[in-house]
Amino acid sequence: PFSPAGRTGFEQVKRTFATFNEKLAAGQAAQAKGDFATMQSLSKDMTTLSLDLASQINAVAADEREAAKQLATDSADAFATARLSTFAMLAVGAVLSVVLALAVAAAIVRPVRRVVDCLRLVAGGDLTVRVPVSGGRELAQMGAAVNESLEALAGLLRLVTASAGQLGNASDRLNSVAGRVSETV
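How each quantity is defined
Residues numbered from 1 in each chain as written. Predicted model: local features only at pLDDT ≥ 70, side-chain atom pairs only at ≥ 80, totals over all residues. Heavy atoms only, no water. Helix = DSSP H or I, 4+ residues; strand = E, 2+ residues; numbered from the N terminus. Rg over C-alpha atoms; globule rule 2.2 N^0.38 Å. Buried < 20%, exposed > 50% of the residue type's maximum accessible area, 1.4 Å probe, protein only. Contact = heavy atoms within 4.5 Å. Areas by Shrake-Rupley, 256 points an atom, 1.4 Å probe, with all protein chains shown as cover. Lys, Arg positive; Asp, Glu negative; His and termini not counted. Charge placed at Lys NZ, Arg CZ, Asp CG, Glu CD. Axes fitted to C-alpha atoms, helices over the stretch in contact; angles between N-to-C directions. Parallel < 35°, antiparallel > 145°, perpendicular 65-115°, else oblique. Left-handed = near helix turned anticlockwise from the far one by under 90°. Nonpolar A, V, L, I, M, F, W, Y, C, P; charged D, E, K, R; others polar. Core = buried A, V, L, I, M, F, W, Y, C linked by side-chain atoms within 4.5 Å. Expected span 1.5 Å × (residues − 1). Salt bridge = Lys/Arg side-chain N within 4 Å of Asp/Glu carboxyl O.

A. Just the overall build of the protein, in detail. Within the protein, the secondary structure is distributed over three helices and zero strands. For 185 residues, the compact-globule estimate of 2.2 N^0.38 gives 16 Å, and the C-alpha radius of gyration of the protein, at 53 Å, exceeds that figure by more than 25%. With the principal axes as the frame, the protein shows a C-alpha extent of 175 × 20 × 20 Å. Taking all 185 residues of the protein together, the buried fraction comes to 15%. The contacts in the protein between residues at least 6 apart in sequence include a share of 57% that link residues at least 24 apart. Only carbon and sulfur atoms are counted for the fraction: they give 65% of the accessible area of the protein, which is about 13500 Å². The distance from the centre of the 18 positive side-chain charges to the centre of the 17 negative ones in the protein is 5 Å.

B. Structural detail: the packing of helix α1 (residues 4–33) against helix α2 (residues 36–123). α2 packs onto α1 with a crossing angle of 165 degrees between their chain directions and a minimal axis gap of 9 Å. In terms of orientation, α1 lies roughly antiparallel with respect to α2. Relative to α2, α1 is oriented so that their crossing is left-handed. Split into classes, the residues belonging to the contact of α1 with α2 amount to 15 nonpolar, 10 polar and five charged.

C. Region of the structure containing the side chain of asparagine 147. Within the secondary structure layout, asparagine 147 lies in helix α3 (residues 137–184). Among the residues examined, asparagine 147 registers a relative accessible area of 13% and is labelled buried. Excluding residues that lie within four positions of it along the chain, asparagine 147 makes contacts with Arg130, Val131 and Val133.

D. Inspection of the nonpolar core at higher detail. By size, the foremost hydrophobic cluster in this structure holds eight residues: Val115, Cys118, Val122, Leu127, Val129, Val131, Val146 and Leu150. Going through the elements one at a time, α2 and α3 are the ones with two or more residues in this core. Counting residues per element, this core draws most heavily on α2, at three residues. Membership of the second largest hydrophobic core comes to six residues, among which are Val13, Phe20, Leu49 and Leu53.

E. Quick look at α3. Taking 1.5 Å of rise per residue, the 48 residues of α3 would be expected to cover 70 Å, and the 70 Å separating its terminal C-alpha atoms lies within 8% of that figure. Looking at α3, one finds that the buried residues are Leu139, Ala140, Gly143, Val146, Asn147, Leu150 and Ala154. Those residues of α3 hidden inside the fold are in contact with α2.

F. Expanded view of the pattern of salt bridges. Applying the stated criterion to the full structure yields three salt bridges. The salt bridge partner of glutamate 11 is lysine 14, with a shortest N-O separation of 3.6 Å. Separated by three residues within a single helix, glutamate 11 and lysine 14 lie in helix α1, roughly one turn from each other. Given the relative accessible area of 34%, glutamate 11 is considered partly exposed. With a shortest N-O distance of 3.2 Å, aspartate 45 and lysine 23 are connected by a salt bridge. Of this pair, aspartate 45 sits in helix α2 while lysine 23 sits in helix α1, and the two are 22 residues apart along the sequence.

G. Main features of the packing of α2 against α3. Contact pair α2 / α3: the axes reach a minimum separation of 10 Å and the direction vectors enclose 10 degrees. As far as their axial angle goes, α3 and α2 are roughly parallel. Residue-level inspection shows Ala107, Ile108, Pro111, Val112, Val115, Cys118, Leu119 and Val122 of α2 in contact with α3, the latter providing Leu139, Met142, Val146, Leu150 and Leu153. The residue inventory of the contact of α2 with α3, partitioned by class, reads 13 nonpolar, no polar and no charged.

This is the structure:
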């Protein structure tokens, strides 16, 4: 396909070539008749038309070269823009991926830190602390399980404390009985 300027020039070449062919046919007819004056006139016209054709063809070629250069420049610009857009999208995607990864990590780490903080308080002797049950399903289950363990541990400690109190009372009574027995003996 020609560029618009090349198409216009090519149409002019076709018209000039058609005129040249008409002159050639007229020259052949004049030669057949032996009309050398007409042949000489047509020969001059055909020489001028040949030069015009060469000039027109060169002009079309120059127009097409210029159009090809412009097309190459436009293509290079489009490629550069597409490449820049692609890199920009990749950069934005990478940043969004990092932000999303940090958000997910924070959503996981925060509940785990709460459990660790709670267990540190328990290790320090505070059995009244509880873990807030939050986060995703697994993290909420972990918090609930820690709370259940703390309840069971607190219950066990209450039982041990009550048993120790009863044992102390029983020991006091035994000491009292033993003291009375030793007085009577």
